[in-house]
There are 2 protein chains.
Amino acid sequence: MKTIVIAFLIGCLPALAFAQQAQPDFSKITLVIHGGAGAITKANMTPETEKAYAAALEQALQTGFAVLKNGGSSLDAVEATVRLLEDSPLFNAGRGAVFTNEGKNELDASIMDGKSLKAGAVASVTTIRNPVSAARAVMEQSEHVMLIGNGAEKFAGEKGLQLVEPSYFRTERRLQQLQRLQEKENPQPGDSTGTGSTENIFTEDKKFGTVGAVALDAYGNLAAATSTGGMSNKRYGRVGDSPIIGAGTYADNNTCAVSATGHGEFFIRLVVAHDIAALMAYKKYSVKKAAEAVVLKKLVANGGDGGVIALDRKGNFAMPFNTPGMFRGYIKNGESKVAMFGSLGVRKFRR
Amino acid sequence: MKTIVIAFLIGCLPALAFAQQAQPDFSKITLVIHGGAGAITKANMTPETEKAYAAALEQALQTGFAVLKNGGSSLDAVEATVRLLEDSPLFNAGRGAVFTNEGKNELDASIMDGKSLKAGAVASVTTIRNPVSAARAVMEQSEHVMLIGNGAEKFAGEKGLQLVEPSYFRTERRLQQLQRLQEKENPQPGDSTGTGSTENIFTEDKKFGTVGAVALDAYGNLAAATSTGGMSNKRYGRVGDSPIIGAGTYADNNTCAVSATGHGEFFIRLVVAHDIAALMAYKKYSVKKAAEAVVLKKLVANGGDGGVIALDRKGNFAMPFNTPGMFRGYIKNGESKVAMFGSLGVRKFRR
């Protein structure tokens with residue numbers, strides 16, 4: 001009898017799995033995004049700039065949420081969202097990325113699937129229009145996780161991704177930012193360094209403008225993606241945390257999906273994204289408690305500026321940051337909110 | 001009164017720290033190394049090859065232990081040890097590294113200091129004689145953690161590291177290995193693919209020959225370092241886990257020092273080195289239990305072949321691997337042991 005019951009139960013498993021697949025639950029679909037953390041304050045922005053950022057964040061939320069609402073996967077949603085932020089010249093990713101010391105735009109991105117733990121990343125690419133899509137191609141169409149430089153570009157080209165001239169990524173605003181930074185480094189006699197436009201001081205002095213998204217789809221699967229131009233005026237092929245699985249990006253259905261932004265070196269050393277997941281897995285922290293423990297305590301104790309977005313499988317999320325501001329937003333139950341400034345925003349958004 | 005006591009205790013702290021520094025404890029100094037995991041079996045090796053590997057591992061142990069015995073830091077010890085393994089043509093790191101699909105030797109390495117959580121890494125370098133020393137220079141002489149490609153080479157050159165012609169890394173053995181792999185991929189009509197030398201079948205079919213070291217010095221500080229040529233016949237600027245902090249290398253005085261070897265993609269996705277540290281930190285696992293949980297359970301469940309060496313601050317260590325063999329060894333209390341084959345070795349070495 002016992003054997004029969006067990007056999008029956010085992011026989012039910014495929015049906016159960018099918019039922020789960022066949023009955024998507026749209027009540028919990030959630031998308032959370034960031035557009036970088038840093039010295040983002042009212043004082044550092046004009047009303048026009050503020051409006052432009054808010055509109056771009058809102059558009060990104062609506063774009064990604066439409067994917068989820070239509071039954072798309074969390075992977076599709078984070079990719080679509082990050083592509084949009086890459087295409088916007090406002091953020092330090094894709095078009096509008098900061099310049100390296102040599103006047104190039106070197107881009108990094110990564111993506112991770114919480115269901116399979118598969119991941120993909122590209123680093124130091126200069127001709128791939130949407131690095132996040134290249135990261136996804138690495139994940140799905142290669143046996144590798146990380147491809148860098150020319151090799152990654154060759155791979156992306158072979159897979160049919162859109163390649164562009166390096167000049168596509170250049171914006172006048174970022175070029176001027178590089179020039180100001182380089183003038184500060186090598187002041188000429190008589191230079192009035194530090195004068196000129198201060199509009200971008202928040203990305204200039206605190207060089208974080210990475211973008212990222214985490215999503216929960218109707219099938220209960222989490223995904224995370226991050227994309228960046230790295231540090232303005234960076235040298236020597238520096239790579240930050242964004243393309244490092246575990247540091248800037250992580251997703252595991254058993255815990256959470258995380259995308260980070262900030263002073264990448266500290267995020268690498270503390271393995272920030274995976275540490276949040278580990279606190280949930282091993283100490284049973286909530287996503288909020290885990291994300292805050294890492295961002296507001298560990299990172300602060302180590303001097304690492306920045307923030308994360310983190311989302312669990314129930315749709316709970318947190319957006320802690322230890323900088324004056326972070327471009328961020330979420331959409332859930334069709335209701336979206338975007339914010340960029342300090343602690344008021346933090347309190348408002350924390351759940 | 002309470003205030004006075006507290007003030008007195010605080011006043012004692014520097015003295016205590018000095019006392020700790022001034023009284024090194026040599027009883028626990030330990031060095032553990034690996035030279036790669038894979039299909040390493042008696043059947044796959046000649047007695048001469050076995051002897052050569054054992055001698056190289058022994059020499060690496062003695063070299064690194066001499067550093068520790070002389071009061072050197074764990075960082076100095078792991079760097080010296082890994083340099084020696086890089087210089088040996090037997091291992092897939094530095095000289096003797098495997099070839100990329102394009103016939104180049106592209107090298108990756110990383111190092112981490114368990115005391116400060118500082119870390120350094122280089123990836124895809126082709127002209128730095130000792131990539132592990134470049135990783136250390138990145139850690140100590142730059143504000144970055146990871147530098148890649150030409151940029152990393154430029155940095156290493158500026159810091160006075162020894163640069164060599166790319167041909168320095170070439171060995172006939174590895175070139176033949178590449179040719180055999182490429183023949184297998186593109187068999188010519190009439191080819192008898194798979195024949196020829198089978199001496200290196202263990203690195204050929206299972207392409208792991210990474211080297212690494214973890215050490216505990218007389219001051220109670222842990223360090224870890226890893227260096228590799230990556231996968232034979234690799235394409236598209238593929239980067240594995242070795243230069244990824246948290247995946248192939250991690251060190252934290254509060255938990256352990258870890259160096260990994262294996263199918264890098266799985267080690268990246270599972271953030272293997274940091275996961276071992278997290279299990280110790282958050283679930284209070286011993287270093288042995290943590291390392292085995294990740295290597296013998298999680299990696300196996302995900303299909304990830306390989307192994308790790310892991311060492312805690314008390315000198316406890318583990319060397320689990322889920323492959324037929326792993327080149328490995330330890331030295332402690334002046335007593336050294338090296339091994340390369342399967343489970344007997346594992347049992348013998350596990351503490």
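Here we summarise the structure given alongside this text. (Residues numbered from 1 in each chain as written. Chains lettered and ligands numbered in written order. Predicted model: local features only at pLDDT ≥ 70, side-chain atom pairs only at ≥ 80, totals over all residues. Heavy atoms only, no water.)

1. Considerations on the pattern of salt bridges
Opposite charge on two side chains allows them to pair when their charged atoms are near.
Residues and elements named next belong to chain A.
Right, on to step 1. Considering all chains together, one arrives at 16 salt bridges over all chains under this definition.
Right, on to step 2. Across the salt bridge formed by Lys288 and Glu292, the nearest N and O atoms sit 3.6 Å from each other. Of the two residues, Lys288 and Glu292 are both situated in helix α10 (residues 287–302); the distance of four residues between them amounts to about one turn of the helix.
Right, on to step 3. Residue classification places Lys288 among the partly exposed positions, given a relative accessible area of 27%.
Right, on to step 4. Taken together, the salt bridges that share partners define one network made up of Asp76, Glu79, Arg136 and Glu140. (Salt bridge = Lys/Arg side-chain N within 4 Å of Asp/Glu carboxyl O. Helix = DSSP H or I, 4+ residues; strand = E, 2+ residues; numbered from the N terminus. Buried < 20%, exposed > 50% of the residue type's maximum accessible area, 1.4 Å probe, protein only.)

2. A few points about the interface of chain A and chain B
Right, on to step 1. In this assembly, 41 residues from chain A lie in contact with 41 residues from chain B.
Right, on to step 2. For the pair chain A and chain B, the two sides together bury roughly 3,500 Å², of which 64% comes from carbon and sulfur.
Right, on to step 3. Taken as a group, A:Tyr236, A:Arg269 and A:Tyr282 account for 25% of the area that chain A buries against chain B, more than any other trio of residues on that side.
Right, on to step 4. In this assembly, chain A and chain B are joined by zero salt bridges.
Right, on to step 5. Along the contact surface separating chain A from chain B lie 21 residue pairs in polar contact (both at pLDDT 80 or more).
Right, on to step 6. Mapped by element, the contributors of at least two residues to the side of chain A that touches chain B are β3 (119–125), β4 (146–148), α5 (149–158), β7 (238–239), α8 (264–269), α9 (272–283) and α10 of chain A.
Right, on to step 7. At six residues, the largest contribution of residues to the side of chain A that touches chain B is made by α9(A).
Right, on to step 8. The sheet contact formed by β4(A) and strand β7 (residues 238–239) of chain B spans two bridges and is antiparallel. Among the inter-strand pairings, A:Met146 is bridged to a residue of β7(B), identified as B:Val239. (Contact = heavy atoms within 4.5 Å. Buried area = accessible area lost by both parts, 1.4 Å probe. Polar contact = N/O pair within 3.5 Å; in protein donor to acceptor, adjacent residues only side chain to side chain. Pairing = 2+ DSSP bridges.)

3. Quick word on the nonpolar core
Right, on to step 1. Ranked by size, the top nonpolar core spans 109 residues in total, and within it A:Ile276, A:Val308, B:Ile276 and B:Val308 carry the most contacts.
Right, on to step 2. Setting aside its immediate chain neighbours within four residues, B:Ile276 contacts B:Cys256, B:Val258, B:Ala290, B:Ala291, B:Val294 and B:Val308. (Core = buried A, V, L, I, M, F, W, Y, C linked by side-chain atoms within 4.5 Å.)

4. Describing the sheet that holds strand β8 (residues 249–251) of chain B
Residues and elements named next belong to chain B.
Right, on to step 1. Ordered by their spatial adjacency, four strands build an open sheet running β8-β9-β10-β11, and the pairing between neighbours is antiparallel. The strands lining the two open edges of the sheet, one partner per strand, are β8 and β11 (317–318).
Right, on to step 2. Running over the sheet, helix α9 (residues 272–283) touches β8, β9 (256–262) and β10 (306–312) and is turned about 145° from β9.
Right, on to step 3. In the packing of helix α10 (residues 287–302) onto the sheet, contacts are made with β9, β10 and β11, and the angle to β10 comes to roughly 165°. (Axes fitted to C-alpha atoms, helices over the stretch in contact; angles between N-to-C directions.)

5. Some thoughts on a positive patch on the surface
Right, on to step 1. A contiguous patch of positive charge, built from A:Lys283, A:Lys289, A:Lys297 and B:Lys284, is present on the exposed surface.
Right, on to step 2. The residue A:Lys289 is located in helix α10 in this model. (Patch = residues over 30% accessible without salt bridge, like charges linked within 9 Å, V, L, I, M, F, W, Y side chains within 5 Å. Areas by Shrake-Rupley, 256 points an atom, 1.4 Å probe, with all protein chains shown as cover. Lys, Arg positive; Asp, Glu negative; His and termini not counted. Charge placed at Lys NZ, Arg CZ, Asp CG, Glu CD.)

6. Looking at the pairing of strand β13 (residues 335–339) of chain B
In summary, the side chains of a regular strand alternate between the two faces of the sheet.
All names here are of chain B.
Right, on to step 1. Bridge count for strand β12 (residues 325–332) against β13 is five bridges, and the pairing is antiparallel. From the neighbouring strand, Gly329 faces β13, where its bridge partner is Val338.
Right, on to step 2. Adjacent in sequence and paired antiparallel, β12 and β13 are bridged by two residues, among which Asn333 carries a positive phi angle near 50°.

7. Thoughts on helix α4 (residues 131–141) of chain B
An α-helical turn contains 3.6 residues, so any two residues separated by three or four positions project in the same direction.
Right, on to step 1. Where burial is concerned, most of α4(B) is hidden: nine out of the 11 residues are buried.
Right, on to step 2. Residues of α4(B) that are buried include every one of B:Pro131, B:Val132, B:Ser133, B:Ala134, B:Ala135, B:Arg136, B:Ala137, B:Val138 and B:Met139, and no others.

8. Concerning the relation of the copies chain A and chain B
Right, on to step 1. Expressed as a screw transformation, the operator carrying chain A onto chain B has a rotation angle of 180° and an axial translation of 0.0 Å, and the superposed copies differ by an RMSD of 0.0 Å. The superposition of one copy onto the other is thereby described by a two-fold rotation axis. Measuring from the rotation axis to each C-alpha of chain A, the shortest distance belongs to A:Tyr282, at 2.9 Å.
Right, on to step 2. Here 100% of the contact residues of chain A are again contact residues in chain B; the copies associate through an equivalent surface. (Least-squares fit on C-alpha atoms with pLDDT ≥ 70 in both.)

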